[in-house]
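Spelled out from the first residue to the last, the chains are:
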Amino acid sequence: MIKKERLVKLTQDLIRINSENPPGDESRIAEFVKRHLEKSGLKTKVYEFKKNRTNLLAFLRGRSDTTLLVSPHLDTVPVGKSWKHKAFAGEIKSGKIYGRGATDCKCNLAIALEAIRSLYEEKIKPQSNVLFVASADEEAGSKYGLIPLLEKKIIRPDFALVLDSDEFNIVVAQKGLMHFKVKIFGKAAHGAYPERGINAIEIASHIICTLKENKFKYKAHPLLKGPTVNIGKISGGEKVNIVADYCEFEVDLRYLPGMDKDEIISELKKIIAKFAKRFRIEFDDIQKPYTIDKKHPLVYSLIAAAKEIEIKPQIKGSEGATVITFFRQHNIPAISFGCGNSGCAHTNDEYVQIDNLYKGAKILEAYLKNGLGEEK
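K.L.:
Would you mind going over the overall build of the protein in detail, with residue names and values included?
P.N.:
A tally of helices and strands in the protein yields nine helices and 16 strands. By principal-axis analysis of the C-alpha atoms, the protein measures approximately 80 × 45 × 40 Å. Across the 376 residues of the protein, 53% fall into the buried class. For the protein, the proportion of contacts with a sequence separation of at least 24, taken over those separated by at least 6, is 81%. Surface exposure of the protein reaches about 17,900 Å², of which carbon and sulfur atoms provide 48%. Separation of charge centres in the protein, based on 61 positive and 48 negative side chains, amounts to 0 Å.

K.L.:
Pulling in residues and values, what's your account of the side chain of S40?
P.N.:
As for its placement among the helices and strands, S40 is situated in the loop between α2 (27-39) and β1 (44-48). With sequence-adjacent residues up to four places away left out, S40 is seen in contact with I116, R117 and Y120.

K.L.:
Could you give me a rundown of helix α9 (residues 354-370), with the residues and numbers involved?
P.N.:
Across its 17 residues, α9 extends 25 Å between first and last C-alpha, which sits within 8% of the 24 Å expected from 1.5 Å per residue. Within the span of α9, buried status applies to I354, N356, L357, G360, A361, I363, L364, E365, A366, Y367 and L368. Note on α9: the residue one or two positions beyond its end, G371, has a positive phi of about 75°.

K.L.:
Residues and numbers for the pairing of strand β6 (residues 129-134), please.
P.N.:
Among the six residues in β6, six count as buried, and that is most of the element. Burial along β6 is two-sided: N129, L131 and V133 and V130, F132 and A134, pointing in opposite directions, are all buried. Pairing of strand β2 (residues 54-60) with β6, which is carried by five bridges, proceeds in the antiparallel orientation. The residue bridging L57 from the neighbouring strand is V133, located in β6. In terms of strand pairing, strand β3 (residues 67-71) meets β6 through four bridges, oriented parallel. Paired with T67 across the bridge in β6 is N129.

K.L.:
Before we move on, can you summarise the nonpolar core with the specific residues and values?
P.N.:
V33, F132, I335 and Y367 are the most contacted members of the largest nonpolar core, which has 77 residues in total. When residues of this core are assigned to their parent elements, the largest contribution, 10 residues, is made by helix α3 (residues 102-121). The residues contacting I335, other than those within four sequence positions of it, are A160, L161, V162, I170, V171, V172, I292, L298, V299, L302, I324 and Y367.

K.L.:
Would you mind going over the packing of aromatic side chains in detail, with residue names and values included?
P.N.:
Applying the stated rule across the entire model yields three aromatic pairs. Pairing Y98 with Y351 gives two aromatic rings, centres 5.6 Å apart and planes at 55°, and the pair type is tilted. With Y98 in strand β5 (residues 96-98) and Y351 in strand β16 (residues 351-353), this residue pair connects regions lying 253 residues apart in the sequence. For Y98, a relative accessible area of 11% corresponds to the buried category. Summarising the aromatic geometry, the rings of F180 and F283 are spaced 5.3 Å apart at their centres and angled 45° between planes, so their arrangement reads as tilted. Of this pair, F180 sits in strand β9 (residues 176-185) while F283 sits in strand β12 (residues 279-287), and the two are 103 residues apart along the sequence. For F180, a relative accessible area of 1% puts it in the buried group. The exposure class assigned to F283 is partly exposed, which follows from its relative accessible area of 29%. K96 extends its terminal NZ or CZ atom over the ring of Y351, reaching a point 4.4 Å from the ring centre.

K.L.:
Give me unusual backbone geometry: which residues, what numbers.
P.N.:
Along the chain, N21 connects to P22 via a cis peptide bond; the corresponding omega equals 5°. Mapping P22 onto the fold places it in the loop between α1 (4-15) and α2. In the segment running from D104 into C105, the intervening peptide bond is cis, with an omega of -5°. Tracing the backbone shows C105 in helix α3. Located in the positive-phi region is E310, a residue other than glycine, with phi close to 60°. Mapped onto the elements, E310 comes out in the loop between α7 (297-307) and β14 (315-318).

Reading the values: rules and limits
- Residues numbered from 1 in each chain as written.
- Predicted model: local features only at pLDDT ≥ 70, side-chain atom pairs only at ≥ 80, totals over all residues.
- Heavy atoms only, no water.
- Helix = DSSP H or I, 4+ residues; strand = E, 2+ residues; numbered from the N terminus.
- Buried < 20%, exposed > 50% of the residue type's maximum accessible area, 1.4 Å probe, protein only.
- Contact = heavy atoms within 4.5 Å.
- Areas by Shrake-Rupley, 256 points an atom, 1.4 Å probe, with all protein chains shown as cover.
- Lys, Arg positive; Asp, Glu negative; His and termini not counted.
- Charge placed at Lys NZ, Arg CZ, Asp CG, Glu CD.
- Expected span 1.5 Å × (residues − 1).
- Pairing = 2+ DSSP bridges.
- Core = buried A, V, L, I, M, F, W, Y, C linked by side-chain atoms within 4.5 Å.
- Phe/Tyr/Trp six-rings, centres within 6.5 Å; stacked < 30°, edge-to-face > 60°.
- Lys NZ or Arg CZ within 6 Å of the ring centre and 35° of its normal.

Next up, the structure:
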(Lines give C-alpha, C1' and ligand atoms only; values in the text may rest on other atoms or scores of the structure.)
Protein backbone atom coordinates (compact mmCIF):
# COMPACT_ATOMS: atom_id res chain seq x y z
CA MET A 1 0.00 0.00 0.00
CA ILE A 2 1.26 3.45 -0.87
CA LYS A 3 1.93 5.40 2.33
CA LYS A 4 1.30 9.08 1.74
CA GLU A 5 3.26 10.51 4.67
CA ARG A 6 6.28 8.38 3.82
CA LEU A 7 6.06 9.43 0.18
CA VAL A 8 5.93 13.12 1.09
CA LYS A 9 8.95 12.81 3.38
CA LEU A 10 10.84 10.88 0.72
CA THR A 11 10.19 13.63 -1.82
CA GLN A 12 11.38 16.26 0.66
CA ASP A 13 14.55 14.27 1.37
CA LEU A 14 15.32 13.98 -2.34
CA ILE A 15 14.81 17.72 -2.90
CA ARG A 16 17.21 18.47 -0.05
CA ILE A 17 20.05 16.74 -1.91
CA ASN A 18 21.62 19.13 -4.41
CA SER A 19 22.04 17.43 -7.80
CA GLU A 20 22.32 20.47 -10.09
CA ASN A 21 23.61 19.88 -13.61
CA PRO A 22 25.81 21.74 -14.33
CA PRO A 23 28.12 21.24 -12.57
CA GLY A 24 26.90 17.64 -12.50
CA ASP A 25 27.34 15.31 -9.52
CA GLU A 26 24.71 12.65 -8.87
CA SER A 27 26.80 10.63 -6.39
CA ARG A 28 25.09 11.84 -3.19
CA ILE A 29 21.53 11.40 -4.39
CA ALA A 30 22.41 8.03 -5.94
CA GLU A 31 23.77 6.86 -2.59
CA PHE A 32 20.53 7.94 -0.89
CA VAL A 33 18.45 6.06 -3.47
CA LYS A 34 20.71 3.02 -3.14
CA ARG A 35 20.09 2.81 0.61
CA HIS A 36 16.36 3.24 0.08
CA LEU A 37 16.18 0.43 -2.49
CA GLU A 38 18.18 -1.91 -0.30
CA LYS A 39 15.56 -1.40 2.42
CA SER A 40 13.09 -2.74 -0.15
CA GLY A 41 15.12 -5.91 -0.55
CA LEU A 42 16.72 -5.01 -3.88
CA LYS A 43 20.34 -5.41 -4.86
CA THR A 44 21.77 -2.42 -6.69
CA LYS A 45 24.53 -1.72 -9.20
CA VAL A 46 26.32 1.53 -9.86
CA TYR A 47 27.67 2.64 -13.24
CA GLU A 48 29.72 5.78 -13.78
CA PHE A 49 31.01 6.97 -17.15
CA LYS A 50 32.66 9.95 -15.48
CA LYS A 51 33.57 10.44 -11.84
CA ASN A 52 30.52 11.21 -9.66
CA ARG A 53 28.14 10.99 -12.66
CA THR A 54 26.34 8.09 -11.03
CA ASN A 55 23.69 5.83 -12.56
CA LEU A 56 21.94 3.45 -10.19
CA LEU A 57 20.34 0.19 -11.35
CA ALA A 58 18.15 -2.31 -9.51
CA PHE A 59 16.18 -5.36 -10.64
CA LEU A 60 12.85 -6.60 -9.30
CA ARG A 61 11.86 -10.09 -10.41
CA GLY A 62 8.39 -10.38 -11.92
CA ARG A 63 5.97 -13.11 -12.91
CA SER A 64 6.96 -13.20 -16.60
CA ASP A 65 10.09 -13.06 -18.75
CA THR A 66 9.27 -9.58 -20.04
CA THR A 67 11.38 -6.73 -18.65
CA LEU A 68 10.01 -3.23 -18.22
CA LEU A 69 12.47 -0.39 -17.66
CA VAL A 70 11.27 2.26 -15.18
CA SER A 71 13.55 5.29 -15.34
CA PRO A 72 13.45 8.70 -13.64
CA HIS A 73 16.56 10.89 -13.63
CA LEU A 74 18.65 12.10 -10.70
CA ASP A 75 19.91 15.49 -11.89
CA THR A 76 18.19 18.88 -11.99
CA VAL A 77 18.85 22.15 -13.75
CA PRO A 78 20.67 24.82 -11.68
CA VAL A 79 18.68 26.79 -9.11
CA GLY A 80 19.27 30.29 -10.46
CA LYS A 81 18.14 33.34 -8.51
CA SER A 82 15.05 35.12 -7.14
CA TRP A 83 13.39 32.24 -5.31
CA LYS A 84 10.79 33.04 -2.64
CA HIS A 85 11.07 29.52 -1.20
CA LYS A 86 14.37 27.89 -0.29
CA ALA A 87 15.44 25.76 -3.22
CA PHE A 88 16.73 22.82 -1.14
CA ALA A 89 14.39 22.91 1.85
CA GLY A 90 11.48 20.81 0.60
CA GLU A 91 9.09 23.28 2.21
CA ILE A 92 5.40 22.36 2.29
CA LYS A 93 2.82 25.09 1.82
CA SER A 94 -0.82 24.90 0.67
CA GLY A 95 -0.53 21.27 -0.35
CA LYS A 96 2.63 21.80 -2.41
CA ILE A 97 6.23 20.72 -1.90
CA TYR A 98 8.65 23.41 -3.09
CA GLY A 99 12.22 23.01 -4.27
CA ARG A 100 14.50 22.55 -7.26
CA GLY A 101 13.57 19.28 -8.92
CA ALA A 102 10.20 18.98 -7.19
CA THR A 103 8.49 18.50 -10.56
CA ASP A 104 11.52 17.69 -12.74
CA CYS A 105 11.95 15.04 -11.68
CA LYS A 106 12.31 14.15 -8.02
CA CYS A 107 8.57 13.65 -7.66
CA ASN A 108 8.82 10.89 -10.27
CA LEU A 109 11.88 9.40 -8.60
CA ALA A 110 9.92 9.35 -5.34
CA ILE A 111 6.83 7.61 -6.75
CA ALA A 112 9.01 4.91 -8.32
CA LEU A 113 10.79 4.23 -5.04
CA GLU A 114 7.51 4.20 -3.09
CA ALA A 115 5.75 1.91 -5.60
CA ILE A 116 8.65 -0.57 -5.49
CA ARG A 117 8.73 -0.48 -1.70
CA SER A 118 4.98 -1.00 -1.52
CA LEU A 119 5.20 -4.11 -3.71
CA TYR A 120 8.02 -5.45 -1.54
CA GLU A 121 6.10 -4.90 1.70
CA GLU A 122 2.99 -6.58 0.34
CA LYS A 123 5.09 -9.45 -1.08
CA ILE A 124 3.60 -8.87 -4.54
CA LYS A 125 5.59 -9.68 -7.64
CA PRO A 126 5.05 -7.29 -10.54
CA GLN A 127 3.71 -8.78 -13.75
CA SER A 128 6.92 -7.99 -15.66
CA ASN A 129 10.45 -7.87 -14.39
CA VAL A 130 11.18 -4.28 -13.40
CA LEU A 131 14.56 -2.82 -14.29
CA PHE A 132 14.83 0.39 -12.30
CA VAL A 133 17.34 2.92 -13.61
CA ALA A 134 17.89 6.25 -11.87
CA SER A 135 19.97 7.97 -14.52
CA ALA A 136 22.54 10.76 -14.57
CA ASP A 137 22.97 13.72 -16.90
CA GLU A 138 19.46 13.90 -18.36
CA GLU A 139 19.45 17.69 -18.19
CA ALA A 140 22.59 17.96 -20.33
CA GLY A 141 22.02 15.31 -22.99
CA SER A 142 22.46 11.97 -21.16
CA LYS A 143 26.01 11.36 -22.44
CA TYR A 144 26.91 10.07 -18.96
CA GLY A 145 23.55 8.39 -18.43
CA LEU A 146 21.10 6.51 -20.61
CA ILE A 147 23.08 6.80 -23.85
CA PRO A 148 26.11 4.76 -22.72
CA LEU A 149 23.91 2.39 -20.68
CA LEU A 150 22.08 1.52 -23.91
CA GLU A 151 25.05 1.65 -26.27
CA LYS A 152 27.15 -0.62 -24.06
CA LYS A 153 24.15 -2.98 -23.72
CA ILE A 154 24.23 -2.72 -19.95
CA ILE A 155 20.46 -2.38 -20.14
CA ARG A 156 18.33 -4.22 -22.73
CA PRO A 157 14.69 -4.03 -21.60
CA ASP A 158 11.75 -5.11 -23.73
CA PHE A 159 9.87 -1.89 -22.97
CA ALA A 160 10.65 1.44 -21.33
CA LEU A 161 8.59 3.71 -19.11
CA VAL A 162 10.41 7.02 -18.68
CA LEU A 163 9.21 8.89 -15.60
CA ASP A 164 9.59 12.49 -16.69
CA SER A 165 6.21 14.01 -17.56
CA ASP A 166 3.54 16.22 -15.97
CA GLU A 167 -0.10 15.90 -14.90
CA PHE A 168 -0.26 12.13 -15.64
CA ASN A 169 0.18 12.84 -19.36
CA ILE A 170 1.42 9.97 -21.52
CA VAL A 171 3.93 11.15 -24.12
CA VAL A 172 3.81 8.99 -27.27
CA ALA A 173 5.41 11.32 -29.83
CA GLN A 174 8.11 13.94 -29.97
CA LYS A 175 9.90 16.07 -32.48
CA GLY A 176 13.38 15.39 -33.72
CA LEU A 177 16.05 18.02 -33.22
CA MET A 178 19.09 19.40 -34.97
CA HIS A 179 21.57 21.63 -33.18
CA PHE A 180 24.10 23.10 -35.57
CA LYS A 181 26.51 26.00 -36.12
CA VAL A 182 26.70 27.98 -39.35
CA LYS A 183 30.06 29.65 -39.96
CA ILE A 184 30.20 32.36 -42.63
CA PHE A 185 33.52 33.57 -44.08
CA GLY A 186 33.72 37.00 -45.71
CA LYS A 187 36.46 39.53 -46.53
CA ALA A 188 37.73 42.26 -44.21
CA ALA A 189 37.96 45.88 -45.34
CA HIS A 190 37.88 49.40 -43.90
CA GLY A 191 34.44 50.31 -42.59
CA ALA A 192 34.45 53.49 -44.69
CA TYR A 193 34.71 51.37 -47.84
CA PRO A 194 32.35 48.45 -47.27
CA GLU A 195 32.17 47.73 -51.01
CA ARG A 196 35.77 46.52 -50.84
CA GLY A 197 34.91 43.74 -48.42
CA ILE A 198 32.41 40.92 -47.98
CA ASN A 199 30.40 41.40 -44.79
CA ALA A 200 29.82 38.01 -43.12
CA ILE A 201 27.35 39.49 -40.62
CA GLU A 202 25.13 40.85 -43.40
CA ILE A 203 25.26 37.50 -45.18
CA ALA A 204 24.34 35.74 -41.94
CA SER A 205 21.37 38.08 -41.46
CA HIS A 206 19.98 37.15 -44.90
CA ILE A 207 20.42 33.46 -44.16
CA ILE A 208 18.74 33.77 -40.76
CA CYS A 209 15.73 35.60 -42.20
CA THR A 210 15.37 33.01 -44.95
CA LEU A 211 15.65 30.11 -42.50
CA LYS A 212 12.94 31.64 -40.32
CA GLU A 213 10.63 32.17 -43.30
CA ASN A 214 11.33 28.84 -44.98
CA LYS A 215 8.35 26.50 -45.32
CA PHE A 216 9.61 22.98 -44.77
CA LYS A 217 7.53 20.23 -46.33
CA TYR A 218 5.87 18.04 -43.74
CA LYS A 219 2.75 16.06 -42.95
CA ALA A 220 0.78 17.45 -40.01
CA HIS A 221 0.89 15.40 -36.81
CA PRO A 222 -2.18 15.27 -34.53
CA LEU A 223 -0.12 15.74 -31.36
CA LEU A 224 2.63 18.09 -32.52
CA LYS A 225 2.98 21.57 -33.98
CA GLY A 226 4.89 22.21 -37.20
CA PRO A 227 8.69 22.40 -37.48
CA THR A 228 10.42 25.32 -35.77
CA VAL A 229 13.70 27.21 -36.16
CA ASN A 230 15.31 29.16 -33.31
CA ILE A 231 18.53 31.17 -33.59
CA GLY A 232 20.00 30.78 -30.13
CA LYS A 233 23.40 32.44 -30.42
CA ILE A 234 25.32 34.70 -32.81
CA SER A 235 28.77 36.29 -32.86
CA GLY A 236 31.04 37.91 -35.44
CA GLY A 237 33.17 40.82 -36.48
CA GLU A 238 36.18 42.46 -34.84
CA LYS A 239 35.44 46.20 -34.63
CA VAL A 240 32.76 48.65 -35.68
CA ASN A 241 34.90 50.20 -38.43
CA ILE A 242 35.99 46.89 -39.98
CA VAL A 243 33.91 44.92 -42.49
CA ALA A 244 33.24 41.65 -40.70
CA ASP A 245 35.05 38.77 -42.34
CA TYR A 246 33.51 36.15 -40.02
CA CYS A 247 30.15 35.42 -38.42
CA GLU A 248 28.86 32.36 -36.62
CA PHE A 249 25.35 31.54 -35.43
CA GLU A 250 23.77 28.53 -33.76
CA VAL A 251 20.43 27.01 -34.72
CA ASP A 252 17.90 24.83 -32.92
CA LEU A 253 15.67 23.13 -35.49
CA ARG A 254 12.80 20.83 -34.47
CA TYR A 255 11.18 18.56 -37.03
CA LEU A 256 8.27 16.12 -37.20
CA PRO A 257 7.97 12.36 -37.53
CA GLY A 258 7.92 11.56 -41.23
CA MET A 259 10.42 14.27 -42.17
CA ASP A 260 13.74 13.01 -43.51
CA LYS A 261 16.83 14.45 -41.79
CA ASP A 262 19.02 14.15 -44.90
CA GLU A 263 16.47 16.08 -46.96
CA ILE A 264 16.35 18.78 -44.28
CA ILE A 265 20.16 19.07 -44.25
CA SER A 266 20.23 19.31 -48.05
CA GLU A 267 17.62 22.09 -47.92
CA LEU A 268 19.60 23.96 -45.25
CA LYS A 269 22.77 23.85 -47.33
CA LYS A 270 20.94 25.21 -50.39
CA ILE A 271 19.59 28.14 -48.38
CA ILE A 272 23.02 28.99 -46.99
CA ALA A 273 24.76 28.61 -50.37
CA LYS A 274 22.29 31.05 -51.92
CA PHE A 275 23.90 33.87 -49.90
CA ALA A 276 27.37 32.65 -48.88
CA LYS A 277 30.22 31.63 -51.16
CA ARG A 278 32.30 30.39 -48.24
CA PHE A 279 30.65 28.71 -45.28
CA ARG A 280 30.77 25.67 -43.02
CA ILE A 281 27.94 23.92 -41.21
CA GLU A 282 28.74 21.85 -38.13
CA PHE A 283 26.20 19.61 -36.39
CA ASP A 284 26.46 19.30 -32.61
CA ASP A 285 23.49 17.01 -32.13
CA ILE A 286 20.89 15.25 -34.26
CA GLN A 287 18.04 13.28 -32.68
CA LYS A 288 15.39 11.61 -34.75
CA PRO A 289 11.70 12.17 -34.03
CA TYR A 290 9.76 9.49 -32.21
CA THR A 291 6.25 8.13 -32.26
CA ILE A 292 4.54 5.04 -30.89
CA ASP A 293 1.05 3.72 -31.60
CA LYS A 294 -1.53 4.88 -29.06
CA LYS A 295 -2.84 1.29 -29.02
CA HIS A 296 0.47 -0.14 -27.84
CA PRO A 297 0.26 -2.13 -24.57
CA LEU A 298 2.56 0.35 -22.86
CA VAL A 299 -0.06 3.03 -23.41
CA TYR A 300 -3.43 1.40 -22.85
CA SER A 301 -2.23 -0.59 -19.83
CA LEU A 302 -1.13 2.68 -18.22
CA ILE A 303 -4.49 4.25 -19.02
CA ALA A 304 -6.19 1.27 -17.37
CA ALA A 305 -4.04 1.63 -14.25
CA ALA A 306 -4.91 5.33 -14.02
CA LYS A 307 -8.62 4.59 -14.33
CA GLU A 308 -8.41 2.51 -11.16
CA ILE A 309 -8.05 5.76 -9.22
CA GLU A 310 -10.35 7.75 -11.50
CA ILE A 311 -7.63 9.56 -13.44
CA LYS A 312 -7.92 9.94 -17.20
CA PRO A 313 -4.46 10.61 -18.66
CA GLN A 314 -4.12 12.63 -21.82
CA ILE A 315 -2.13 11.32 -24.77
CA LYS A 316 0.42 14.00 -25.62
CA GLY A 317 3.25 14.87 -27.95
CA SER A 318 6.42 16.60 -26.82
CA GLU A 319 7.69 19.63 -28.70
CA GLY A 320 11.01 19.27 -26.88
CA ALA A 321 13.44 16.37 -26.79
CA THR A 322 13.10 13.69 -24.12
CA VAL A 323 15.13 10.55 -23.58
CA ILE A 324 12.50 8.30 -25.21
CA THR A 325 14.22 8.98 -28.54
CA PHE A 326 17.31 7.08 -27.33
CA PHE A 327 15.24 3.91 -27.01
CA ARG A 328 14.04 4.27 -30.59
CA GLN A 329 17.61 3.80 -31.79
CA HIS A 330 17.66 0.40 -30.06
CA ASN A 331 14.18 -0.70 -31.18
CA ILE A 332 12.81 -0.54 -27.63
CA PRO A 333 9.23 0.79 -27.40
CA ALA A 334 9.10 3.66 -24.94
CA ILE A 335 6.69 6.21 -23.50
CA SER A 336 6.97 8.97 -20.91
CA PHE A 337 4.70 9.47 -17.89
CA GLY A 338 4.85 11.44 -14.66
CA CYS A 339 3.11 13.33 -11.89
CA GLY A 340 4.84 16.71 -12.05
CA ASN A 341 2.95 19.98 -12.28
CA SER A 342 2.58 21.64 -15.66
CA GLY A 343 4.63 24.79 -16.15
CA CYS A 344 6.82 24.19 -13.08
CA ALA A 345 9.88 22.47 -14.56
CA HIS A 346 13.01 24.67 -14.64
CA THR A 347 11.17 27.60 -13.01
CA ASN A 348 11.80 29.56 -9.83
CA ASP A 349 9.78 28.25 -6.88
CA GLU A 350 9.30 24.90 -8.60
CA TYR A 351 6.79 22.69 -6.79
CA VAL A 352 4.78 19.49 -6.96
CA GLN A 353 1.31 19.09 -5.52
CA ILE A 354 1.09 16.41 -2.85
CA ASP A 355 -2.17 15.17 -4.38
CA ASN A 356 -0.41 14.59 -7.71
CA LEU A 357 2.40 12.80 -5.94
CA TYR A 358 0.08 10.39 -4.13
CA LYS A 359 -2.02 9.64 -7.20
CA GLY A 360 1.08 9.15 -9.33
CA ALA A 361 2.48 6.56 -6.93
CA LYS A 362 -0.84 4.67 -6.87
CA ILE A 363 -1.02 4.64 -10.68
CA LEU A 364 2.53 3.35 -10.98
CA GLU A 365 1.96 0.68 -8.35
CA ALA A 366 -1.14 -0.57 -10.20
CA TYR A 367 0.73 -0.46 -13.52
CA LEU A 368 3.54 -2.62 -12.19
CA LYS A 369 1.12 -5.05 -10.55
CA ASN A 370 -1.07 -5.50 -13.62
CA GLY A 371 1.59 -5.37 -16.30
CA LEU A 372 1.18 -4.97 -20.03
CA GLY A 373 -1.72 -6.55 -21.89
CA GLU A 374 -1.68 -7.87 -25.43
CA GLU A 375 -1.43 -5.33 -28.25
CA LYS A 376 -4.87 -4.32 -29.53
